Amino acid sequence: MTARIELSALDPGYDLIVVGGGITGAGVFREAARSGARVLLVEARDYASGTSSRSSKLVHGGLRYLKNGQWRLTLESVRERERLLDEAPGLVEPQTFLMPIYAGRKPGRWLMQFGLRVYDWMAGARRSRWLDAPAARAAEANLADDGLLGAMVYEDARTDDARLVLRLIFDACADGGTALNYVAATLRSENGRVCGVRLRDAVSGCERDIEAGMVVNATGAWAAALPGAPAAAPKLRPLRGSHLLFSPRRFALRHAVSWLHPQDQRPVFAYPWEGAVICGTTDLDHREALDTPRMTPAERDYLLAGLAAQFPSLKLGAGDVISTYAGVRPVVDGGKDDPSAESRESALWRAPGLIGITGGKLTTFRVTAHEVLRAAATERPRLAPESARPLFASATPVASQRRLYGRLGAAAAGALLQQVPGEDLRTIGETPWTWAELRWAARHEQVVHLDDLLLRRTRLGLVIEEGARALLPQVLAICREELGWDAQRCASEEQRYLACWRAQHAPLAA
Ligand SMILES: Cc1cc2nc3c(=O)[nH]c(=O)nc-3n(C[C@H](O)[C@H](O)[C@H](O)COP(=O)(O)OP(=O)(O)OC[C@H]3O[C@@H](n4cnc5c(N)ncnc54)[C@H](O)[C@@H]3O)c2cc1C
């Protein structure tokens, strides 16, 4: 329940200003707000519109990192996964993975079993197990059958990445923080110390200077380009990862399946997500514009070749893809030849009045936030993070409302159930979203453009064919009622949304 405010309504100064509304900035903002600091977050475009709505949406330890010897990252991630599963049911959910094992092919059963024992040990619970070939076939009917010995089963977790960011931001606002989307920051310094920001609101065109005790540069892949920054960010190596989405009518999956791509032995995966099936991902140097990353035909063909190897009977082709997305990993450049060998750990740098943070994973946002706030507290002790209480308090009254409570938090979910008409609780098509969530988002979640509503508050533009074009009349009717858009505004928003969808999310021509 957070209305968007004008720059003129901001205080003249804050203890902490967070620049960047992806998972990193949202985590710092959430932790700072609950420790009682006066904190402001600004995001140049929409919340989570950068990398944090374009991840693989897994809250995971990362078996791959274990293989690369990144024990600390894996252990931290496994522990965070366990905490998030515990604290945020409905937002972070368990996800069972199958890794099929074939005669004479990598990975072998015993090596996988050893890795998964370590993974289980890190989580403090034995969850992995072996399925023989008939059981593996019964679990997933379309697995390649030739030489199938069985499958290792293990547990990780999935989320809706954009909703995780939004939950952190709106919970922080409920605790007294202030957040603004479509507001870009330039750093301001005095006597060699960062003392605040100049803000520019893309909606009103207004500008205003705001003072800050400390500023956090959480601009991800944009970190080195933050205007006015006195200290250079570490050299980043933007790495693009792309995904394909399918309708479950064409590609039915009950579990997540993970396998090694036959071309380069990189792990790839497919799993059911929010009424669609996601397949990813690639890992390539990204040399194009950061604002509009796009999958290339070569990446599409790579993922389709991976699917053909693992699910040959389905004969999935370019014509079966319903949408795509690509994101750019803000990875610190370690000079490795192979992009996938670069470390995914976060990097922190500082200058007087400024902390910079980049790299890292969605899963470990809380660890990163604590690291940032501990560093900030050396100059401003009041920013020291509070770690005893759970971050989320998602008590769900009944199981059927688990999803709503997880996504919105208890206060907003309770208010939604009182405010919206009962018939709005029906789901939209084959997706798990309800019309009530969409209306709620339009009413309370700082929606500025139609793409905010269809690509991040909900993800209907990704999981329904043609970017959910057929639903636009109903969606725009809600925008008219909740946002006061007139016919002209509806037409221009529709045009903007469809252009954005075509440029970044439409399937590539076969
Ligand atoms: C393909 C892919 C798959 C991934 N899969 C996973 C996964 O499954 N699990 C996992 O844990 N991690 C995953 N990750 C990693 C994770 O998604 C990223 O590390 C994380 O989202 C980065 O978040 P961020 O907040 O640092 O950056 P971003 O989300 O990019 O946020 C930075 C924000 O700063 C804003 N900004 C820039 N300049 C300014 C300015 N001047 N003023 C105000 N705002 C500004 C940008 O608009 C942007 O929204 C994946 C990454 C990719 C690319």
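Just so it is clear, the structure is predicted and the values come from calculations on it, not from any experiment.

The rules we used
- Residues numbered from 1 in each chain as written.
- Predicted model: local features only at pLDDT ≥ 70, side-chain atom pairs only at ≥ 80, totals over all residues.
- Heavy atoms only, no water.
- Helix = DSSP H or I, 4+ residues; strand = E, 2+ residues; numbered from the N terminus.
- Buried < 20%, exposed > 50% of the residue type's maximum accessible area, 1.4 Å probe, protein only.
- Contact = heavy atoms within 4.5 Å.
- Areas by Shrake-Rupley, 256 points an atom, 1.4 Å probe, with all protein chains shown as cover.
- Lys, Arg positive; Asp, Glu negative; His and termini not counted.
- Charge placed at Lys NZ, Arg CZ, Asp CG, Glu CD.
- Phe/Tyr/Trp six-rings, centres within 6.5 Å; stacked < 30°, edge-to-face > 60°.
- Lys NZ or Arg CZ within 6 Å of the ring centre and 35° of its normal.
- Pairing = 2+ DSSP bridges.
- Right-handed = clockwise from strand over helix to strand, strands pointing away.
- Near = heavy atom within 4 Å.
- Polar contact = N/O pair within 3.5 Å; in protein donor to acceptor, adjacent residues only side chain to side chain.
- Domains from an automatic or database assignment.
- Buried area = accessible area lost by both parts, 1.4 Å probe.
- Expected span 1.5 Å × (residues − 1).
- Axes fitted to C-alpha atoms, helices over the stretch in contact; angles between N-to-C directions.
- Parallel < 35°, antiparallel > 145°, perpendicular 65-115°, else oblique.
- Left-handed = near helix turned anticlockwise from the far one by under 90°.
- UniProt positions renumbered as here; feature names shortened; annotations may be inferred.
- Salt bridge = Lys/Arg side-chain N within 4 Å of Asp/Glu carboxyl O.
- 1 Å grid on protein atoms, 1.4 Å probe; cavity = no way out; pocket = protein on both sides within 12 Å on 5 of 7 lines; lining within 4 Å.
- Points joined across faces, edges and corners; volume = space filled by probe spheres on them.
- Nonpolar A, V, L, I, M, F, W, Y, C, P; charged D, E, K, R; others polar.

Trainee: Would you mind showing me how to read the overall build of the chain here?
Mentor: A tally of helices and strands in the chain yields 15 helices and 18 strands. Counting only C-alpha atoms, the chain reaches 70 × 50 × 45 Å along its principal axes. With 510 residues in all, the chain has 59% of them scored as buried. Intrachain contacts of the chain at a sequence separation of at least 6 include 73% that bridge at least 24 residues. Total accessible area on the chain is roughly 19600 Å²; 53% of this is exposed by carbon and sulfur atoms. Charged side chains of the chain number 64 positive and 59 negative; the gap between the two group centres comes to 3 Å.

Trainee: Sorry, what's going on with the packing of aromatic side chains here?
Mentor: A ring pair, where both rings are aromatic, is described by two values, the distance of the centres and the angle of the planes. Applying the stated rule across the entire model yields 7 aromatic pairs. Judged by centre distance (5.9 Å) and plane angle (45°), the rings of Phe269 and Tyr271 are tilted. You can call Phe269 buried: its relative accessible area is 9%. By the ring-pair criterion, three or more aromatic residues cluster together here, those being Phe246, Phe251, Trp259 and Phe311. Sitting over the ring of Tyr102, Arg105 keeps its end group 4.1 Å from the ring centre. The ring of Trp433 has Arg403 sitting right over it, with the charged end atom 5.3 Å from the ring centre.

Trainee: Got a minute to help me understand the pairing of strand β1 (residues 13-19) in this structure?
Mentor: Residues in a regular strand project their side chains so that they alternate between the two faces of the sheet. For β1, the buried fraction is high: 7 of the 7 residues fall into the buried class. Where β1 meets strand β10 (residues 207-217), 6 bridges bridge the pair, whose relative direction is parallel. Looking at β10, one finds that Val19 is bridged to Asn217. Where β1 meets strand β2 (residues 39-42), 4 bridges bridge the pair, whose relative direction is parallel. Within β2, the position partnered with Ile17 by the bridge is Leu40. For the segment spanning β1, helix α1 (residues 23-34) and β2, crossover handedness is right-handed.

Trainee: Got a minute to help me understand the site of the ligand in this structure?
Mentor: Taken together, the neighbourhood of the ligand is formed by 37 residues, with Glu43, Ser52, Leu58, Gly360 and Thr363 sitting nearest. Between a nitrogen atom of the ligand and a main-chain N or O atom of Ala44, the distance comes to 3.0 Å. Here a nitrogen atom of the ligand and a backbone polar atom of Ser56 are 2.9 Å apart. When the free accessible area of the ligand is taken as 1000 Å², the share hidden by the protein chains comes to 95%.

Trainee: Can you help me understand the domain arrangement of the chain in this one?
Mentor: Quite often, the size of an interface is put as the accessible area lost when its parts meet. Here the domain parsing of the chain yields domain 1 (7-52 + 162-235 + 342-383), domain 2 (92-157 + 237-339) and domain 3 (399-504). Between domain 1 and domain 2, the C-alpha centre-to-centre distance is 33 Å. Facing 13 residues of domain 1, the contacting portion of domain 2 comprises 16 residues. Of the roughly 1300 Å² buried between domain 1 and domain 2 on both sides combined, carbon and sulfur atoms contribute 52%.

Trainee: I would appreciate a short explanation of helix α3 (residues 71-87) in the present structure.
Mentor: Think of an α-helix as turning once every 3.6 residues; residues three or four places apart then point the same way. Between the first and last C-alpha of α3 there are 24 Å, a value that for 17 residues agrees with the 24 Å anticipated at 1.5 Å per step. Within the span of α3, buried status applies to Leu73, Thr74, Ser77, Val78, Glu80, Arg81, Glu82, Leu84 and Glu87. Looking at the buried positions of α3, the neighbouring elements they touch are β3 (58-59), α2 (63-67), β4 (92-102), α4 (109-123), β6 (148-159) and α8 (365-377).

Trainee: Any chance you could explain the environment of Ala415 here in plain terms?
Mentor: Examined against the element boundaries, Ala415 turns out to sit in helix α10 (residues 410-419). For the pair Ala415 and Trp440, spaced 25 residues apart in sequence, the C-alpha separation works out to 9.6 Å.

Trainee: Would you mind going over the packing of α3 against α4 with me for this structure?
Mentor: When two helices pack together, their arrangement is given by the angle between the helix axes and the distance between those axes. α4 packs onto α3 with a crossing angle of 55° between their chain directions and a minimal axis gap of 9 Å. One element, α3, and the other, α4, form an angle in the oblique class. Where α3 crosses over α4, the handedness of that crossing is right-handed. Here α3 contributes Trp71, Thr74, Leu75, Val78, Arg81 and Glu82 to the contact with α4, which in turn contributes Val118, Tyr119, Met122 and Ala123.

Trainee: Could you clarify how one ought to interpret the UniProt feature "domain: Alpha-glycerophosphate oxidase C-terminal" (unreviewed entry) in the chain in this entry?
Mentor: As recorded in UniProt, the feature "domain: Alpha-glycerophosphate oxidase C-terminal" (unreviewed entry) lies at residues 403-489. Structurally, residues 403-489 is divided into 61% helix and 0% strand, and its ends, taken at the C-alpha atoms, are 32 Å apart.

Trainee: Got a minute to help me understand the pattern of salt bridges in this structure?
Mentor: Opposite charge on two side chains allows them to pair when their charged atoms are near. In total, this model carries 50 salt bridges according to the counting rule given. Ionic pairing is found between Asp175 and Arg30, a salt bridge with its closest N-O pair at 3.1 Å. With a gap of 145 residues between them, Asp175 in the loop between α6 (161-174) and β7 (178-180) and Arg30 in helix α1 connect regions that are remote in the sequence. Taking relative accessible area as the criterion, Arg30 reaches 7% and is therefore assigned buried. For Arg366, the salt bridge goes to Glu80, with nearest N and O atoms at 3.0 Å.

Trainee: How do you make sense of the pairing of β6 when you look at a structure like this?
Mentor: Of all 12 residues that make up β6, 9 are buried, and the element is covered over most of its length. With 2 bridges joining them, β3 and β6 adopt antiparallel strand pairing. Within β6, the position partnered with Leu58 by the bridge is Arg158. Bridging between β4 and β6 involves 11 bridges; their strand directions are antiparallel. Of the residues in β6, the one forming a bridge with Leu98 is Val153. Pairing between strand β5 (residues 129-132) and β6: 4 bridges, direction antiparallel. Looking at the pairing, Trp130 lines up with Met152 of β6.

Trainee: Explanation requested: the layout of surface pockets in the structure shown.
Mentor: Gaps left between atoms are located by rolling a probe of water-molecule size over the structure's atoms. Size it by volume and the second largest pocket reaches roughly 400 Å³. In terms of lining, the second largest pocket is formed by 24 residues, of which the most central are Phe170, Asp171, Ala174, Leu408 and Ala411. If you list the elements that add at least two residues to the lining of the second largest pocket, you get α1, α6, α9 (402-408) and α10. Per-class residue counts for the lining of the second largest pocket are 14 nonpolar, 2 polar and 8 charged.

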